[in-house]
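# Survey of secondary and tertiary structure
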Amino acid sequence: MRNRDVQDISKEVTTGVLGQKSFLPVSHPDYKYPTSPNPYWGKLQESSDLVYSDNKTEHNRGQWLSRFSSNALGQIPSPELHVEIGCNAGHVIVEWAAANPKGLYLGIDWKFKAIYRGAEKARKRHLENLLFLRAYAERLEFIFGPAEIDHLYLFFPDPWPKKAHWKHRFVTTERLKNLASLVKPGGTFEIKTDHPEYFEWMLEALSPCESLWETLSVSRNLHEGNPLAHQLTMPAVTLFERIFIKEGKPVHRILLKRRANS
Ligand SMILES: C[S@@+](CC[C@H](N)C(=O)[O-])C[C@H]1O[C@@H](n2cnc3c(N)ncnc32)[C@H](O)[C@@H]1O
């Protein structure tokens, strides 16, 4: 799966329709998502009130709360926006949204089919407090306005273990600074990884950001001491987390809080 992700990033980010080059880097403000021959690309363009795709994910910047149904909003006096980066087919976020109708949830992934599947699940379960975005996580600052997010989650981002690929790692000092501007003071950012070296990289990236993020907890073996960890199911653990627990790999987790004074 991860190898496929490696191929996906170079293909999707650098080619458009019929192999045309997309010249702007994905992080450029004027980047335009290329069309794709993937059949789910077309399906996502046609749908829907539950899914926003490609550049349409950037039309509601700063106004995401208003994109949820008035029915969902009516039941929530002070709604909090939870955003999961790399939600895959919504394995966890669908369950969260179902269990907590008072929260508003947005799942983001770059995979067409996964997002389509996630939205199908939300529709079948009549969840009005959950939306899906098919977008590159590298464009979060164009998708969300300042302090728009209450709780941000990043579970098992691709670790890009080879040195030549480190430049693709999502967590960097610059990104942690940018993300801080999108999260409300007092809001949280939770990150999990199975990759010890990437985890240390993340902590290092975090150290110049102490004025923005307070570290609430750091664990290098989240499920240590829990003899029943292998029985945990979603959404207590994510799809990948369950696999890593079964493989005996320690789950690393960091929980950050957005400081109020910066
Ligand atoms: C290793 S999987 C983890 C999935 C899920 N978070 C879990 O814990 O089970 C990484 C996920 O991030 C998504 N992803 C990777 N790079 C991405 C990017 N640049 N933008 C959006 N999604 C991305 C992948 O498609 C995949 O669904």
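Residues numbered from 1 in each chain as written. Predicted model: local features only at pLDDT ≥ 70, side-chain atom pairs only at ≥ 80, totals over all residues.

### Comments concerning the environment of Asp-194
Heads up, the rule is: The numbering of helices and of strands both runs from the N terminus, where a helix is a DSSP run of H or I of at least 4 residues and a strand a run of E of at least 2. Backbone-placed C-beta atoms define the burial measure: a residue is buried with 20 or more other C-beta atoms within 10 Å of its own, exposed with 12 or fewer, and partly exposed in between. Residues are defined as contacting one another if the C-beta atoms placed from their backbone atoms lie within 7 Å.
Counting through the fold element by element, Asp-194 comes out in the loop between strand S6 (183-193) and helix H8 (196-206). The exposure class assigned to Asp-194 is partly exposed, which follows from the 18 C-beta atoms found within 10 Å. Separated by 55 residues in sequence, Asp-194 and Lys-249 place their C-alpha atoms 6.5 Å apart. Sequence-distant contacts of Asp-194, defined by excluding residues within four places in its chain, comprise Phe-156, Phe-244, Lys-249 and Val-251.

### Notes on the site of the ligand
The test is simple: Nearness here has a simple definition: the residue's C-beta atom, placed using the backbone, must lie within 6 Å of the molecule or strand.
The environment of the ligand is made up of 18 residues, and the closest members are Gly-86, Ala-137, Thr-238, Leu-239 and Phe-240. Those elements giving two or more residues to the shell around the ligand turn out to be strand S3 (103-109) and helix H9 (239-246). The element contributing the most residues to the shell around the ligand is H9, with three residues.

### Quick word on the pairing of strand S2 (residues 80-85)
Look at any regular strand and the pattern is simple: side chains alternate between the two faces of the sheet. Condition: When DSSP finds two or more bridges between a pair of strands, those strands are recorded as paired. Classification remark: right-handed applies to a crossover when, strands pointing away from the viewer, the course from the first strand over the helix to the second runs clockwise.
Counted residue by residue, S2 has five buried out of six residues, so it is predominantly covered. When S2 meets S3, the two strands line up parallel, connected through six bridges. Bridged to Ile-85 within S3 is Ile-108. Running through helix H4 (residues 93-99), the crossover from S2 to the neighbouring parallel element S3 is right-handed.

### Observations regarding the nonpolar core
Heads up, the condition is: For our purposes the nonpolar core covers buried Ala, Val, Leu, Ile, Met, Phe, Trp, Tyr and Cys residues that link as a set through C-beta atoms within 7 Å.
In terms of nonpolar packing, the biggest core is built from 63 residues, with Ile-93, Leu-106, Ile-115, Leu-130, Leu-133 and Leu-179 touching the most fellow members. Residue contributions to this core peak at six residues, all from helix H5 (residues 112-124).

### Looking at unusual backbone geometry
In this structure, the amide linkage connecting Met-234 to the following residue, Pro-235, adopts the cis form with an omega of 10°. With respect to the helices, strands and loops of the structure, Pro-235 is situated in the loop between strand S7 (213-219) and H9. Located in the positive-phi region is Ala-147, a residue other than glycine, with phi close to 55°. Note on placement: Ala-147 falls in the loop between helix H6 (140-143) and strand S5 (149-155). Of the residues examined, Ala-147 has 16 C-beta atoms within 10 Å and is grouped as partly exposed. Its identity is not glycine, yet Phe-156 carries a phi of approximately 55°, on the positive side. Residue placement: Phe-156 occurs in the loop between S5 and helix H7 (173-182). In this structure Phe-156 comes out as buried when scored by C-beta crowding, with 22 C-beta atoms within 10 Å.

### Re the sheet that holds strand S8 (residues 252-258)
Defined as follows: Note on geometry: axes are lines fitted to C-alpha atoms, helical ones only across the stretch in contact, with angles between N-to-C directions running from 0 to 180 degrees.
Ordered by their spatial adjacency, eight strands build an open sheet running S1-S4-S3-S2-S5-S6-S8-S7, and the pairing between neighbours is mixed. Looking at strand neighbours, the two that pair on one side only are strand S1 (51-53) and S7, the edges of this open sheet. Pairwise comparison of adjacent strand axes, ignoring direction, gives a mean angle of 15° for this sheet. Strand contacts of H7: S5, S6, S7 and S8, with the helix running at about 135° to S6, the strand carrying the most contacts.

### Some thoughts on the confidence of the model for the protein
Applied cut-off: As a per-residue quantity, pLDDT reports the predictor's confidence and falls between 0 and 100.
Per-residue confidence for the protein averages 91 on the pLDDT scale, and 90% of its residues sit at or above 70. Counting interchain partners and residues more than four positions distant, the pLDDT-below-50 stretch residues 1-20 has 16 contacts.

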